[in-house]
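# Summary of structural features
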Amino acid sequence: MKKILFALIAIAFLGYTSEARTGYYRLIIKNDPAHSYTLGWFQLSGQNVVVKYDTRINWLKNKKLSKEIKNVRFIKYKGLENGFCDINQLQPNTDYVVQIIDSDSKSPIFWFHTLPEGKNIKLSVVAGGDSRSHPEIREKANMMVARLQPDMVIFDGDFTYSSTEQQWLKWFDDWQLTIRDGHLIPILVVPGNHERKQDVVKFFDLLQHPHGYYSVDIAGDFIHFISLNTQYTIPGRQTNWFIKDLKSHRDATWTIVAYHKPMRPHYSHKREGDLQYQYWAKPIYENHVPLVVEGDTHTHKITYPIKPDPNGDEGFVRDDQDGTVYIGEGCWGAPLRPADDKKSWTLDAASINQFKWLWISPDEIQIRTVEYLSVDTTQNLMVDNKFSVPKGIKLRQLPDGKDVVIIKHK
């Protein structure tokens, strides 16, 4: 089995480029992406690995990459030799070019963009998850990411079905479809229930967060992102950390919380998330979290702004003034399920393949639901017009006839 897997990897790499003995590239957000990214890849062969990089301006001017990092880490996991390199002390709002070089080969030349800082930031973010089971659907979603050119992807769990080497190999191969014209789109990862305990930690270099919950400041204090782990014990350590983290980042312009299993699924055969509700709903509301990303159910849903109330419909009531909008519930290639458990506070729900597309500015968050199977008719966006709705894209129409939900900053 190992020999077969190795052969498949080699064939995949040769299909990508005749020179590279590396592959399955991913750009990971672990620290503020205005100043830092972690580059990840798979190393098929070669020694003395270095990562070279420079600003795109310098590269175009000098035709070489002047900065070099030799501090490369390797984690062997599920038959894959994963290389990681932290690229730190980057300038905000700057294009960088990067390449992996070893004794056997050179990778393709990629580029990435650091996020801006300041008061007039606007970010484009894709949020979704549950990509297991149907690679042909997952590929469409990844191609749509490449078309939209967002600043980042929030992926909230269930990458594969049973976490085998072959399934992860296919997942990473499919992720390369998000790369267009060498542009690496960074990913924020959240563990799901189909991951093994160490999958997210070792494939995305989260060794400092072995239990899968962590937080990241994005573009200074513009967004405070929190990943929670519904597969780890919820009472106790995780919730204590969560409450402390929320309180210590109240100055952030926006706080976004993501976890996999929803509190109140919109599919009738899914178990209610009573522990999440008991321990997380109140801190989310009391700390004025405007947006929560959930997954797991394989349906589309957007709620009205809501707050926990024991007398409400399944423990929530609508609160347009101070409530939280919950979105999800994960349709990136997993089998669709009926959205047959709507609540009085559900704005919209349906059984469709989709992910959410967020435009985040200081004043508001705009939420659109992208039906990404329309990728073949969708026009490519460029980085400088990524806040446009491309021709040919299919967006979910809401009950009011609009295709966007807006959360105003309070």
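Our structure is the block above this text.
In short, a report on the structure.

Rules of the game
- Residues numbered from 1 in each chain as written.
- Predicted model: local features only at pLDDT ≥ 70, side-chain atom pairs only at ≥ 80, totals over all residues.
- Heavy atoms only, no water.
- Helix = DSSP H or I, 4+ residues; strand = E, 2+ residues; numbered from the N terminus.
- Polar contact = N/O pair within 3.5 Å; in protein donor to acceptor, adjacent residues only side chain to side chain.
- Phe/Tyr/Trp six-rings, centres within 6.5 Å; stacked < 30°, edge-to-face > 60°.
- Lys NZ or Arg CZ within 6 Å of the ring centre and 35° of its normal.
- Expected span 1.5 Å × (residues − 1).
- Bend = angle between axes of the 7 residues up to and from the residue.
- Buried < 20%, exposed > 50% of the residue type's maximum accessible area, 1.4 Å probe, protein only.
- Contact = heavy atoms within 4.5 Å.
- Core = buried A, V, L, I, M, F, W, Y, C linked by side-chain atoms within 4.5 Å.
- Pairing = 2+ DSSP bridges.
- Axes fitted to C-alpha atoms, helices over the stretch in contact; angles between N-to-C directions.
- Parallel < 35°, antiparallel > 145°, perpendicular 65-115°, else oblique.
- Left-handed = near helix turned anticlockwise from the far one by under 90°.

## Focus: the environment of aspartate 32
Structurally, the position occupied by aspartate 32 is in the loop between β1 (22-28) and β2 (37-43). Each C-alpha atom, one on aspartate 32 and one on proline 92, is 9.9 Å from the other, the two residues being 60 residues apart in sequence. Polar contacts involving the side chain of aspartate 32 include one to the main-chain amide nitrogen of glycine 220, which spans 2.9 Å.

## Quick notes on the packing of aromatic side chains
In total, this model carries 32 aromatic pairs according to the counting rule given. A centroid spacing of 4.6 Å and a plane angle of 40 degrees characterise the contact between tryptophan 168 and phenylalanine 203, whose relative ring orientation is tilted. Note that tryptophan 168 is positioned in helix α4 (residues 165-175) and phenylalanine 203 in helix α5 (residues 199-203), a separation of 35 residues in sequence. Here the aromatic cluster, defined as three or more aromatic residues joined through ring pairs, consists of Tyr77, Phe155, Phe159, Trp168, Trp171, Phe172, Trp175, Phe203, Phe204, Trp332, Phe355 and Tyr372. The aromatic ring of tryptophan 111 is capped on one face by arginine 56, whose charged end is 4.4 Å from the ring centroid.

## Points about helix α7 (residues 274-286)
In this model α7 runs 18 Å from its N-terminal to its C-terminal C-alpha over 13 residues, within 8% of the 18 Å that 1.5 Å per residue would give. Largest kink in α7: about 40 degrees, centred on tryptophan 280, with the proline proline 283 one to four residues after it. Where α7 is concerned, the buried positions are Gln276, Tyr277, Trp280, Ala281, Pro283 and Ile284. Considering only its buried residues, α7 is in contact with α6 (237-248), β15 (291-293), β17 (306-313), β18 (316-318) and β19 (325-328). Histidine 288 lies just past α7 and shows a positive phi near 60 degrees.

## Describing the nonpolar core
In this structure, Val51, Ile87, Phe204, Ile218, Phe355 and Ile367 are the most contacted members of the largest nonpolar core, which totals 93 residues. With 19 residues, the next largest nonpolar core counts Phe242, Tyr259, Ile306 and Trp345 among its residues.

## Some details on the pairing of strand β12 (residues 214-218)
Of the two faces of β12, the one holding Tyr214, Val216 and Ile218 is buried and the one holding Ser215 and Asp217 is not buried anywhere. Looking at chain direction, β12 and strand β13 (residues 223-227) are connected through 5 bridges and run antiparallel. The residue bridging valine 216 from the neighbouring strand is phenylalanine 225, located in β13. Between β12 and the antiparallel strand that follows it, β13, lie 4 residues; alanine 219 among them carries a positive phi value of about 55 degrees.

## Let's talk about the packing of helix α3 (residues 135-148) against α4
Relative to each other, α3 and α4 sit at 30 degrees, their axes nearing to 9 Å. In terms of axis orientation, α3 runs roughly parallel to α4. The interaxial crossing formed by α3 with α4 has right-handed handedness. Along the contact surface, α3 presents Pro135, Arg138, Glu139 and Asn142, while α4 presents Lys170, Trp171, Asp174 and Trp175.

## Topic: unusual backbone geometry
The residue after glycine 328, namely glutamate 329, is reached through a cis peptide bond having omega 0 degrees. Mapping glutamate 329 onto the fold places it in the loop between β19 and β20 (346-350). The phi dihedral of glutamine 149 is positive, around 55 degrees, even though this residue is not glycine. The phi angle at aspartate 158 is positive, at roughly 60 degrees, despite the residue not being glycine. Mapped onto the elements, aspartate 158 comes out in the loop between β10 (152-155) and α4.

## Quick word on the side chain of histidine 260
Relative to the helices and strands, histidine 260 is located in the loop between β14 (254-258) and α7. Residue classification places histidine 260 among the buried residues on the basis of a relative accessible area of 0%. In terms of polar contacts, histidine 260 uses its side chain to reach the side chain of aspartate 296, at 3.2 Å. Once residues lying within four places of it in the same chain are set aside, the contact partners of histidine 260 are Asp130, Asp156, Gly157, Asp158, Val190, Pro191, Gly192, Asn193, Thr230, Glu294, Gly295 and Asp296.

## Examining the sheet that holds strand β16 (residues 300-303)
Ordered by their spatial adjacency, 7 strands build an open sheet running β12-β13-β14-β15-β19-β16-β20, and the pairing between neighbours is mixed. Edge positions in the sheet fall to β12 and β20, since each of these pairs with one other strand and no more. Taken pair by pair, the neighbouring strands of this sheet meet at an average axis angle of 15 degrees, ignoring direction. The pairing of β16 with β19 spans 2 bridges and is classified as antiparallel. Among the inter-strand pairings, isoleucine 302 is bridged to a residue of β19, identified as isoleucine 327.

So yeah, pure geometry; function would need other evidence.
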